[in-house]
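Per-entry structural report
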Amino acid sequence: MLILILLTVTCFIGAFYYKRLIDQQTDAECLHGEVVSFETYRGWRGQDGWKYYEIIADANGRHYKIRTDNSKAKKYAKQREITFYVPVGAVGDEEFVGGQPAAQYSSNLLQGTQMQPVNGTARPTAVYLSEDRKKKWQFWFLIVAGICFAAITILFVIAALTSSH
């Protein structure tokens, strides 16, 4: 029964988290651009086996850095056209990458200079791929799952109380 209670709580906490992300994404601007740089790294959040991708994209003359662990991002190693979202207040060229402006960083990559993220870990960026956009059905799925687990828990409690008498 403790497992059902934990599942119920986890579903509702997850739904709250997804709702917050969906609300943050509603004001984001959708941009279409070109991939300037694509790099693959390992070690996100201190885990050696975790693979993530860093993409520098150019849209409307501005460079944007995108870090993601979404496996669908692998296609941008060959595909040059990209769709991504920029939340209100995110910056382009002013954003520094590896201690250098993004424009200088992408030119260094084109010249073959290797640069690793600071301390070998990735910090998430505000700019995200269209593939990373959260869907409303994910929020509703967690709500329904939480309600189902709560109902099953209540049925187990009622069954336990009635069978003891």
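Calculation notes
- Residues numbered from 1 in each chain as written.
- Predicted model: local features only at pLDDT ≥ 70, side-chain atom pairs only at ≥ 80, totals over all residues.
- Heavy atoms only, no water.
- Buried < 20%, exposed > 50% of the residue type's maximum accessible area, 1.4 Å probe, protein only.
- Pairing = 2+ DSSP bridges.
- Helix = DSSP H or I, 4+ residues; strand = E, 2+ residues; numbered from the N terminus.
- Expected span 1.5 Å × (residues − 1).
- Contact = heavy atoms within 4.5 Å.
- Salt bridge = Lys/Arg side-chain N within 4 Å of Asp/Glu carboxyl O.
- Patch = residues over 30% accessible without salt bridge, like charges linked within 9 Å, V, L, I, M, F, W, Y side chains within 5 Å.
- Areas by Shrake-Rupley, 256 points an atom, 1.4 Å probe, with all protein chains shown as cover.
- Phe/Tyr/Trp six-rings, centres within 6.5 Å; stacked < 30°, edge-to-face > 60°.
- Lys NZ or Arg CZ within 6 Å of the ring centre and 35° of its normal.
- pLDDT = per-residue confidence, 0-100.

1. Quick notes on unusual backbone geometry
One non-glycine residue with positive phi stands out, namely Asn-60, at about 55°. Residue Asn-60 is classed as exposed on the basis of its relative accessible area of 70%.

2. Thoughts on the sheet that holds strand E1 (residues 29–42)
Each strand in a sheet pairs with its neighbour through backbone hydrogen bonds, running either in the same direction (parallel) or in the opposite one (antiparallel). Taken together, the five strands give an open sheet; going across it, the order is E3-E2-E1-E4-E7, and neighbouring strands pair in antiparallel fashion. Pairing within the sheet leaves two strands with one partner each, and these edge strands are strand E3 (62–68) and strand E7 (128–129). In the sheet, E1 pairs with strand E4 (residues 81–86) via six bridges, with the strands oriented antiparallel. Of the residues in E4, the one forming a bridge with Leu-31 is Phe-84.

3. Brief notes about helix H1 (residues 2–25)
For H1, spanning 24 residues, the distance from its first C-alpha to its last is 35 Å, which sits close to the expected 34 Å at 1.5 Å a residue. Packing partners of the buried residues in H1 comprise E7 and helix H3 (136–163).

4. Considerations on the pattern of salt bridges
Following the criterion strictly, the structure yields two salt bridges and no others. Here Lys-19 makes a salt bridge to Asp-23, at a shortest N to O gap of 3.6 Å. Note that Lys-19 and Asp-23 are positioned in helix H1 at a spacing of four residues, about one turn of the helix. Across the salt bridge formed by Arg-67 and Glu-54, the nearest N and O atoms sit 2.8 Å from each other.

5. Overview of a nonpolar patch on the surface
Side chains of Met-1, Leu-2, Ile-5, Leu-6, Val-9, Ile-13, Ile-152, Phe-156, Val-157 and Leu-161 sit close together on the surface and give an oily, nonpolar patch of about 940 Å² of accessible area. Sorting elements by how many residues they give to the nonpolar patch places H1 first, with five residues. With respect to the helices and strands, the residue Ile-152 is situated in helix H3.

6. Observations regarding the packing of aromatic side chains
Summed over the entire model, instances satisfying the criterion amount to five aromatic pairs. Between Tyr-17 and Tyr-18, the aromatic rings sit 5.9 Å apart at their centres with planes inclined by 85°, giving edge-to-face as the arrangement. Overall, the relative accessible area of 41% leaves Tyr-17 in the partly exposed class. The interplanar angle of 70° and the centroid separation of 4.9 Å between the aromatic rings of Phe-139 and Trp-140 together place this pair among those described as edge-to-face. Above the ring of Phe-139, the side-chain terminus of Lys-19 is found at 5.8 Å from the ring centroid.

7. Regarding the pairing of E1
Across eight bridges, E1 lies against strand E2 (residues 51–59) in antiparallel orientation. When the sheet's bridge partners are listed, Ser-37 is paired in E2 with Ile-56.

8. Some details on the confidence of the model for the protein
Here the protein averages 77 in pLDDT, while 73% of its residues score no lower than 70. By mean pLDDT, strand E5 (residues 96–97) is the weakest element of the protein at 44, and H3 is the strongest at 91. Under a pLDDT of 50 for its full length, residues 93–100 has, in the predicted model, 24 contacts with residues more than four places off or in other chains. Counting contacts from residues 112–124, a segment whose pLDDT is below 50, to residues more than four positions away or on other chains yields 24 contacts.

9. Thoughts on the pairing of E4
Judged from the two bridges that link them, E4 and E7 form a sheet pairing that is antiparallel. Note that in E7 the partner of Tyr-85 across the bridge is Tyr-128.

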